[in-house]
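Architecture at a glance
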Amino acid sequence: MAGEGGPPRGVQASAPLYQVDAYCRRFPATVTAALGEAVQLDRSAFYPGGGGQPHDRGTVTDGARTWSLTGARSSAGDVWYELDAPAPEVGTAVECEVDWERRYALMRTHTALHILCAVVWRDYGAKVTGANMEPLRGRMDFEFEHLSGEFVREVEAACNVEVEAARPTRVDFLPREQADRDPDLIRNKVSLLPPSIRVVRVVGIDGLDLQADGGTHVADTSEVGRISIPSYKSKGRINKRLEITLDVE
């Protein structure tokens, strides 16, 4: 399936594969830099982590040897992928494969958090103060003064209405000036977009949500599956946390 509801609009030539097609799980690449057990690649579908979404795991092989990808880090704007053994030499052609079961679980979880965020923003006007996720579970903090079990069940039910609606998702790339003119693109209490970003990747859920976002998402909301909110807690006077879980497929 093509990534995220169709080809992105306004795609930048330098956009990494994971931003263009979240369903790309295997890809060829060339090692462009190597240092110890870390490499840089000329192209990559491995999500390096960020925005609360963990980095991908996977494998890299040159046909004779296979390395496990164990981590990722950014340095001076470059992404280094950490391997489990000394890295292949610069210029080595490799075949790469994303740990798809884990990635897809994270795609479902990330989209579920967007649904939660959109429902809370639409129905209650509350901004996000923090978020994090792991496969099939995550949490999101909002500017609420009060939470109750009845309120949380209402939010949970509203989220699952959007799951069942099978709303398609879409990716666009917007000039920073255009994105800055739409304050609703940033749902966080504090914008996490550094000034150096001149092209903003925007993820939309048709009829529900539109946010600046760099992570990976499923093609439509039905792929998320049922969203449960088993736990909620106060993290301060006007900072409340909702925790979500998804069913294993």
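Below, the structure is looked at part by part. What you are looking at is a predicted structure, and each value in this text was computed from that prediction instead of being measured.

**Examining the environment of Val 120**
Structurally, the position occupied by Val 120 is in helix H2 (residues 100–124). The sequence separation of Val 120 and Val 155 amounts to 35 residues, and the corresponding C-alpha distance is 7.3 Å. Apart from the residues lying within four places of it in its own chain, the contact partners of Val 120 are Gly 125, Ala 126, Phe 142, Phe 144 and Val 155.

**Overview of the pattern of salt bridges**
According to the stated counting rule, one finds 13 salt bridges in the structure shown. With a shortest N-O distance of 3.4 Å, Arg 26 and Glu 97 are connected by a salt bridge. Here Arg 26, found in strand S1 (residues 26–35), pairs with Glu 97, found in strand S6 (residues 93–98); they are 71 residues apart in sequence, far enough to count as distant. For Arg 26, a relative accessible area of 54% translates into the label exposed. Residues joined in a network through salt bridges with shared partners are Arg 122, Asp 123, Glu 162 and Arg 167.

**A short note on H2**
With 25 residues, H2 extends 35 Å between its outermost C-alpha atoms, agreeing within 8% with the 36 Å of an ideal straight helix rising 1.5 Å per residue. Of all 25 residues making up H2, 20 are buried, and the element is well covered by its neighbours. Gly 125 sits one or two residues past H2 and shows a positive phi near 65°.

**Overview of the nonpolar core**
Formed by 39 residues in total, the largest nonpolar core has its most connected members in Ile 115, Leu 116, Phe 142 and Ile 227. Those elements that place two or more of their residues in this core are H2, strand S7 (128–134), strand S8 (137–142), helix H3 (149–164), strand S12 (227–234) and strand S13 (240–246). In terms of residue count, H2 provides more of this core than any other element does, 13 residues in total. Residues within four places of Phe 142 in sequence aside, it is in contact with Leu 116, Cys 117, Val 120, Ala 126, Lys 127, Val 128, Thr 129, Ile 238, Asn 239, Lys 240 and Leu 242. Within the second largest apolar cluster, 18 residues are counted, among which are Phe 27, Phe 46, Tyr 81 and Leu 83.

What counts and how
- Residues numbered from 1 in each chain as written.
- Predicted model: local features only at pLDDT ≥ 70, side-chain atom pairs only at ≥ 80, totals over all residues.
- Heavy atoms only, no water.
- Helix = DSSP H or I, 4+ residues; strand = E, 2+ residues; numbered from the N terminus.
- Contact = heavy atoms within 4.5 Å.
- Salt bridge = Lys/Arg side-chain N within 4 Å of Asp/Glu carboxyl O.
- Buried < 20%, exposed > 50% of the residue type's maximum accessible area, 1.4 Å probe, protein only.
- Expected span 1.5 Å × (residues − 1).
- Core = buried A, V, L, I, M, F, W, Y, C linked by side-chain atoms within 4.5 Å.

Everything listed here is a matter of coordinates, which is why it stays silent on function.
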